[in-house]
Every structure is written in structure tokens, then in C-alpha cells.
Amino acid sequence: MSAEMEHTVASAASLEGTSLHTGEKVTLTVKPAPAGHGFKFRRIDLPDQPFIKADVDKVQTVERATTLAEGSVKVHTVEHILSALCGMGVDNAIIEMDSNEPPIGDGSSRPYVELIKKAGIEPQDKPRKVYEIREPIHMETKNGSFITIVPDKKFRVSVTNVGPDGRFTQFFTSEVTPELYEKEIAPARTFVYYEDVKPLLDKGLIKGGSLENAVVVRGEEVLSKEPMRFNNEFARHKALDVIGDLMLSGKRIMGHVICVKPGHNPNTQMASILKREYTRMRTMVPPVQIPSGEAILDINELMKILPHRYPFLMVDRIVDFEGDNKCTGIKNVTINEPFFQGHFPGHPIMPGVLQVEAMAQVASICVLRMPEYQGKIGYFMSVDKVKWRRPVLPGDTLFIEAEVISVRRSIVTAKCRCLVNGEVASTGELKIALADK
């Protein structure tokens, strides 16, 4: 078993062009970033070359594009490059620009896909965290736009585009994988209705707009430098925007995104809801079931998986799942633990063998939550390479990390460690036999 790992670009690569709204010449460079970094823009044309994190909390305006701001530093029209990075499976990157807006290219995200492929993509040493949608999330706006995200074991988007007076109503649906994104979504170009052009120009926008980088709709007529790339190109471009805007939540999701009349305003509102719901999920008691995605298990859930009971249950709750082979549990160590009576009077220290037992219990949970192993029991077989590095004392919160390396013939091999305040207290490699109860 192996969890899907985070990815970054393998090398730096640059793209030159004209920005859509400001009309300025700009060079954009994608660069590798460490695991857990996420996406950050960097304005290398400004003093100190400041960074702006791709975070929905940084969203300032959403008129015809998504703008991020950190103090007086701004980055406009971020959705196409973020969409391409997400769609192509990149998790971490630095996006450097010598202006305040990326190049528009042909109005699609295809130039960014080609840029990412030029840079290359490589895996990193950290499992990718994915927010599994377990209950429907819904939002709608006063103008009739709505977005609903429902549970799904894949990441999917379904978009209905509705133009003025119902013109150019189009539908598009697809799973989002790098292959499908590159072929079915990335080529779709941005578009604008003719009646909106003058008001946008009056506001100082689309100064770099032309028929080379946008499709213009006038009445029932489509004005374009080339034929339409898809019969539902508008709906596909809306899907492209949705993918980019939702990445501002900071999390990839496992779920089906269903949109009617999406736009940057509802998209970023949903990104904010996703961020809030993810934070809430991390602190709430989950529904009574063993989740297959990232979640939390409280003590009642743990006792449905493990046979251990007081005084030998050595984990209080699970606080994180990473992929399908790694999880983290916690044990609140109090002076009331029965073993402190004899280990040692006047100098209480948690026995090292009980730390190993805690590792085994968390490793068992990591496997026993999987459908094929539910209902089984784990028997401790062996432990190797055990090291104790610091004492665990009353009042400490013990974080127990378990990474399942393999499951062969019902024998689980796991690497584990216990930490207190970020410091490693103990480590070990365990083997556990799975058997029927």
C-alpha cells in the first residue's frame, strides 16, 4: 500500500505574454517548492520581492477575475494558473511574476499546462492530504448562481453555463485527472458578452483583451480568431475557473462539484466555505462510521475498531489520516494513569513498552479502518529498531504516528514514532498479524 504523494514542478520554467486586464507585458516563472508549501505568488518587480499565498482569505476582488492582495501588494487573474497546477497534479509551487497579472495567452489554461509539462512534475516525500466531502455543501447567490458539492470517490465537476436571456446555455461534466484536464478542460478559452465590453473598459479592465485571447459573444453570434474548440467551450471554461478558484481553499477535494451559473464571486465564496468546513471537521466528532478519507475518530469510534479497554487502551483519538497508509493518534498522559503508581514513585515516567503498545494500536487502526480488514483483530508479532529519546511525563500530550509500509499475507509492517511538543520520544518498526476475532 502507498499513499499518493504531493508533487511539485521539477525545474523552473517561464512564460512571456500580455496580461488581460492591465495590458502589460509580463514574464511568469513556475519554480519548485517544498512539500507542504502550497502555491505562492511572488512579485519580483517590487522591493523585497514579496510573496502572496494563494489563499481565499487574501481574495480582494472578483470582478471578471480573482484578485489576491497582501497589504498594498496585489496579484490579479490568478485562476488560470492555479487551475492548471491543480488539474495537472501539482501541489506545491512558487509562481514568480515581474508584473501584477499573469499572461493571458490564448485565454485558456493550455499555455500553463505546456509550461508545467516543460518544467516537469516530480513526487515529494509527503503524502497528499485530500479533503473528502462526506456531507453535501451548498451555497447560492441572489442572482441565481449556486454550487453544491456532494460526496464522490473522485474529484468531478459538472457545470451549467447560462448566458444573458438564456443564451448559450451549455453543460459540461468530467472527472478531473491530469489526462482529462489537459485534453478536455485546459483548451477552453475565456469569453465575454459584447454588451459587457464597454463597462469593463470604463472600469479600466480588459486593456489587453483581443479576439486572440477571448471569445466575444454578440447577440447570437460568436466572434473568435479561430473556430470554437468545443460545442460547449463556455461551460468548459467555467469548469476551468471553478477548479482554480476552489484551490484557494488550500485543499484538494474528493467530491463532485455541481455548478449552475458559476462565477468568480460564488466560486470564491465556496472556497471560503470549504476552508471553514475543513477546519470545523478537524475539531468535531464525526458521524458514526469508519471514514476512508481524512477525518477524526473519537474514543467511542476507536473502541469499535480496537478490542483494548481500560487500562490498556493507549490512544484517546485519531486526529489525522494521510492517504490510505498513515494516521496520527494522541494520548493525553495524566498523573491518573495506573502505571505511574509503580513507575516510578516520586518520579513518574511513562514506560517505554507502553509507548510501543500505543504505536501498535495506532498502526492497527490505520489498517483495520479499511473495508477489507474491518472486523479483524491485530496481534503484536515483533518490534525492531526501538529507540527511546526522551521521557514522557504526566501532563504531556503524546502524538503517535504510524505509517503502514506493507500488508502481506495478513502481516502488517509499520514504521512508528511518538512525539511530545514536536520532539521525538520513541521510534520503532512493528509487525502485526491480522486475524479473525
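What you are looking at is a predicted structure, and each value in this text was computed from that prediction instead of being measured.

K.L.:
Please explain the pattern of salt bridges as it appears in this structure.
P.N.:
Pairing between side chains becomes possible if they bear opposite charge and their charged atoms approach one another. By the definition in use, this model includes 26 salt bridges. Two residues, Glu4 and Arg128, come together in a salt bridge whose shortest N-O distance is 2.7 Å. Of this pair, Glu4 sits in the segment before β1 (5–9) while Arg128 sits in the loop between β10 (121–127) and β11 (130–132); the two residues are 124 residues apart in sequence, bridging distant segments of the chain. The exposed category is assigned to Glu4, whose relative accessible area is 52%. Two residues, Lys58 and Glu70, come together in a salt bridge whose shortest N-O distance is 2.9 Å. On the criterion of sequence distance, the pair formed by Lys58 in the loop between β5 (51–53) and β6 (59–61) and Glu70 in strand β7 (residues 67–70) is long-range, its members being 12 residues apart. Exposure remark for Lys58: the relative accessible area of 22% places this residue in the partly exposed category. According to the relative accessible area criterion, Glu70 is partly exposed, its value standing at 35%. Shared partners join several salt bridges into a network, and the residues in it are Glu4, Asp91, Arg128 and Arg252.

K.L.:
Even after reading the chapter, I still don't get the UniProt feature "binding site: Zn(2+)" (unreviewed entry) in the chain, so can you show me in this structure?
P.N.:
Under the UniProt annotation, the feature "binding site: Zn(2+)" (unreviewed entry) is placed at His80, His237 and Asp241. In sequence the annotated residues extend across 162 residues, while in space they remain close, none of their C-alpha pairs exceeding 9.6 Å. Residues that both appear in the annotated list above and line the largest cavity are His80. Each residue touching His80, except ones within four places of it in the same chain, is listed here: Ile104, Gly107, Ser108, Ser109, Tyr112, Thr190, His237, Leu240 and Asp241. With respect to the secondary-structure elements, His237 resides in helix α5 (residues 233–246). Not counting residues up to four positions away in its chain, the partners in contact with His237 are His80, Gly107, Ala188, Arg189 and Thr190.

K.L.:
Is there a simple way to think about the nonpolar core in this case?
P.N.:
Nonpolar side chains tend toward joint burial in soluble globular proteins. Counting 59 residues, the largest nonpolar core has Phe39, Phe41, Tyr181, Val257, Met270 and Leu274 as the members making the most contacts within it. Examining the composition of this core, we find that 6 residues originate from one element, α5, more than from any other. Apart from the residues lying within four places of it in its own chain, the contact partners of Val257 are Ile147, Thr148, Ile149, Phe155, Arg156, Val157, Ser158, Val242 and Leu246.

K.L.:
Help me understand the sheet that holds strand β22 (residues 376–388), please; the structure alone is not making it clear to me.
P.N.:
Backbone hydrogen bonds hold the strands of a sheet together, and the pairing may be parallel or antiparallel. Reading across the sheet, the 6 strands line up as β20-β21-β23-β24-β25-β22 and stay open at both edges, with antiparallel pairing between neighbours. Each edge of the sheet is formed by a strand with only one pairing partner; in this case those strands are β20 (317–322) and β22. Neighbouring strand axes in the sheet, compared pairwise and without regard to direction, differ in orientation by 25° on average.

K.L.:
I would appreciate a short explanation of the UniProt feature "active site" (unreviewed entry) in the chain in the present structure.
P.N.:
UniProt feature "active site" (unreviewed entry): in the numbering of this structure it lies at His264 and His343. What stands out for the annotated residues spanning 80 residues is how far apart their C-alpha atoms range, the widest pair being 60.4 Å apart. One polar contact links His264 to Thr66, side chain to side chain, over a distance of 3.3 Å. Examined against the element boundaries, His343 turns out to sit in the loop between β21 (326–332) and α8 (352–368). Each residue touching His343, except ones within four places of it in the same chain, is listed here: Pro348, Ile349, Met350 and Pro351.

K.L.:
I'm lost on the packing of aromatic side chains in this one. Help?
P.N.:
Any two aromatic rings considered together are summarised by their centre-to-centre distance and by the angle between their planes. If you walk through the whole model with that rule in mind, you get 4 aromatic pairs. Plain terms: the ring middles of Phe191 and Phe234 are 4.1 Å apart, the flat faces sit at 20° to each other, and that makes the pair stacked. Here the residue Phe191 occupies a position in strand β16 (residues 191–193), and Phe234 occupies one in helix α5, the gap between them amounting to 43 residues. Accessibility assignment for this pair places Phe191 and Phe234 in one class, buried. With a centroid separation of 4.7 Å and 70° between ring planes, the pair formed by Phe339 and Phe340 is classed as edge-to-face.

K.L.:
How do you make sense of the pairing of strand β15 (residues 170–175) when you look at a structure like this?
P.N.:
Side-chain alternation along β15 places Gln170, Phe172 and Ser174 on a buried face and Phe171, Thr173 and Glu175 on a face that remains uncovered. Examined bridge by bridge, strand β14 (residues 155–161) and β15 share 6 bridges and lie antiparallel to one another. Paired with Val157 across the two strands is Ser174, which belongs to β15.

K.L.:
Please explain the sheet that holds β16 as it appears in this structure.
P.N.:
Spatial strand order, β16-β17-β18: 3 strands in an open sheet with mixed pairing. Where the open sheet ends on each side, the last strands, each with one partner, are β16 and β18 (221–223). Ignoring strand direction, the axes of neighbouring strands in this sheet form an average angle of 25°. Relative to strand β17 (residues 215–218), β16 runs parallel, the two sharing 3 bridges. Bridge pairing links Val192 to Val216 in β17.

K.L.:
Explain helix α1 (residues 79–87) to me, please; I cannot follow it from the model alone.
P.N.:
For α1, a buried count of 9 out of 9 residues is recorded, marking the element as mostly surrounded by other parts of the structure. Turning to α1, its buried residues are Glu79, His80, Ile81, Leu82, Ser83, Ala84, Leu85, Cys86 and Gly87.

K.L.:
For this particular structure, what's the right way to read the domain arrangement of the chain?
P.N.:
A common measure of how large an interface is: the accessible area buried when the components associate. Along its sequence, the chain is carved into domain 1 (5–284) and domain 2 (299–435). For domain 1 versus domain 2, the separation of C-alpha centres amounts to 42 Å. Each partner contributes residues to the interface: domain 1 has 5 residues there, and domain 2 has 6 residues. Buried area between domain 1 and domain 2, summed over both chains or domains, comes out near 420 Å², and the portion from carbon and sulfur atoms is 41%.

Rules used in this analysis
Residues numbered from 1 in each chain as written. Predicted model: local features only at pLDDT ≥ 70, side-chain atom pairs only at ≥ 80, totals over all residues. Heavy atoms only, no water. Salt bridge = Lys/Arg side-chain N within 4 Å of Asp/Glu carboxyl O. Helix = DSSP H or I, 4+ residues; strand = E, 2+ residues; numbered from the N terminus. Buried < 20%, exposed > 50% of the residue type's maximum accessible area, 1.4 Å probe, protein only. UniProt positions renumbered as here; feature names shortened; annotations may be inferred. 1 Å grid on protein atoms, 1.4 Å probe; cavity = no way out; pocket = protein on both sides within 12 Å on 5 of 7 lines; lining within 4 Å. Contact = heavy atoms within 4.5 Å. Core = buried A, V, L, I, M, F, W, Y, C linked by side-chain atoms within 4.5 Å. Pairing = 2+ DSSP bridges. Axes fitted to C-alpha atoms, helices over the stretch in contact; angles between N-to-C directions. Polar contact = N/O pair within 3.5 Å; in protein donor to acceptor, adjacent residues only side chain to side chain. Phe/Tyr/Trp six-rings, centres within 6.5 Å; stacked < 30°, edge-to-face > 60°. Domains from an automatic or database assignment. Buried area = accessible area lost by both parts, 1.4 Å probe.

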